[in-house]
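Fold and geometry: a report
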Amino acid sequence: MHEVSVALGMVDELRKIAEKNSASKILNVKLKIGRMSGIVSDSLKFAFDAVKLEHPFLSSAEIVIEEVPLAYRCNECNRSFDTDNMYFPSCPDCDSYNLTLLSGEEQHIENVEIEV
Ligand SMILES: [Zn+2]
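The rules we used
- Residues take numbers from 1 onward in each chain, read along the sequence in its written order.
- Residue-level local features of this predicted model are given only where pLDDT is at least 70; pairs of side-chain atoms are given and counted only at 80 or more, and the full residue set underlies all totals for whole chains, interfaces and linings.
- The basis for every side-chain value is the complete set of heavy atoms in the structure, and neither hydrogens nor water enter the calculation.
- Patch membership requires over 30% relative accessible area and the absence of a salt bridge. Like charges are linked within 9 Å, and nonpolar side chains (Val, Leu, Ile, Met, Phe, Trp, Tyr) within 5 Å.
- Only the protein chains shown count as cover for residues, and the accessible areas themselves come from Shrake-Rupley with a 1.4 Å probe.
- Put simply, a salt bridge is a Lys or Arg side-chain nitrogen that is within 4 Å of an Asp or Glu carboxyl oxygen.
- Strands are runs of DSSP state E lasting at least 2 residues, helices are runs of H or I lasting at least 4, and numbering of each runs from the N terminus.
- Accessibility here uses a 1.4 Å probe with only protein chains present; expressed as a share of the type maximum, an area under 20% marks a residue as buried, one over 50% as exposed, and anything in between as partly exposed.
- A helix is expected to reach a length of 1.5 Å times the quantity of its residues less one.
- In this context, the arc is that of the directions from the helix axis out to the C-beta atoms.
- Contact criterion: two residues are considered in contact whenever any of their non-hydrogen atoms come within 4.5 Å of each other.
- The sign given to each residue is positive for Lys and Arg and negative for Asp and Glu; His and the chain ends receive no count.
- Each polar contact in these results corresponds to two N or O atoms within 3.5 Å; when the atoms are within protein, one needs to be able to donate a hydrogen and the other to accept it, and residues that are neighboring in sequence are counted only if both atoms are side-chain atoms.
- Pairs of strands are assigned from DSSP output, requiring at least two bridges between the strands.
- Axis definition: a line fit to C-alpha positions, over the contact stretch in the case of helices; interaxial angles, taken between N-to-C directions, run 0 to 180 degrees.

A few points about a nonpolar patch on the surface
- A cluster of nonpolar side chains, contributed by Tyr87, Phe88 and Tyr97, occupies part of the molecular surface with about 500 Å² of accessible area.
- Summarising the element assignment, Phe88 is placed in the loop between β4 (80-83) and β5 (99-103).
- Phe88 gets classed as exposed once you look at its relative accessible area, which sits at 66%.

And the structure:
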């Protein structure tokens, strides 16, 4: 499961954040996950809840995932739009496939609440 390695990567990142801020505990972690990132939010939550048990500084950590929609801009008519079609998106106005990805590939920690 891909989400387990993502969760382990998060633990490393959160440890760095905790050390840098002399935090004893990480409380809430807000993540931004794009629809194109290939990460399933529920699986990531599940993986993180399993992984955090081995790390006392994460015992109270809750993750909140904000899913970022897939958005493109059409290079023909300049229209920006959200879509659920991640394989063959086309412009709703001119049907062009000549698109630039605006968002949807995000996979990062947006915000962390700590206890010092
Ligand atoms: Zn267009």
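Notes on helix α1 (residues 2-20)
- For α1, built from 19 residues, the straight-helix expectation of 27 Å at 1.5 Å per residue is met to within 8% by its first-to-last C-alpha distance of 28 Å.
- Here α1 has its buried residues at Glu3, Val6, Ala7, Met10, Val11, Leu14 and Ala18. Buried positions in α1, seen along its axis, are confined to an arc of 150° and lie on one side of it. Set apart from the buried face of α1 by more than 90 degrees, the exposed residues are Lys16, Glu19 and Lys20.
- Buried-residue contacts for α1 involve β1 (25-34), α2 (41-51), β2 (62-68) and β6 (107-115).
- Positive phi shows up at Ser22, right after α1, with a value of about 45°.

Overview of the side chain of Glu3
- Topologically, Glu3 is positioned in helix α1.
- Lys45 provides the closest opposite charge to the buried, unpaired Glu3, separated from it by 13 Å.
- Polar contacts involving the side chain of Glu3 include one to the main-chain amide nitrogen of Val40, which spans 2.9 Å.
- Leave out the neighbours within four places in its chain, and Glu3 touches Gly38, Ile39, Val40, Ser43, Leu44 and Ala47.

What about the sheet that holds β5?
- Strand order across the open sheet formed by three strands is β4-β3-β5, with antiparallel pairing between neighbours. Edge positions in the sheet fall to β4 and β5, since each has one partner strand and no second. With strand direction ignored, the average angle separating the axes of adjacent strands in the sheet is 35°.
- With four bridges joining them, strand β3 (residues 70-74) and β4 adopt antiparallel strand pairing. Bridging across to β4, Tyr72 finds its partner in Phe81.

By themselves, these are just geometric observations and shouldn't be taken as functional.
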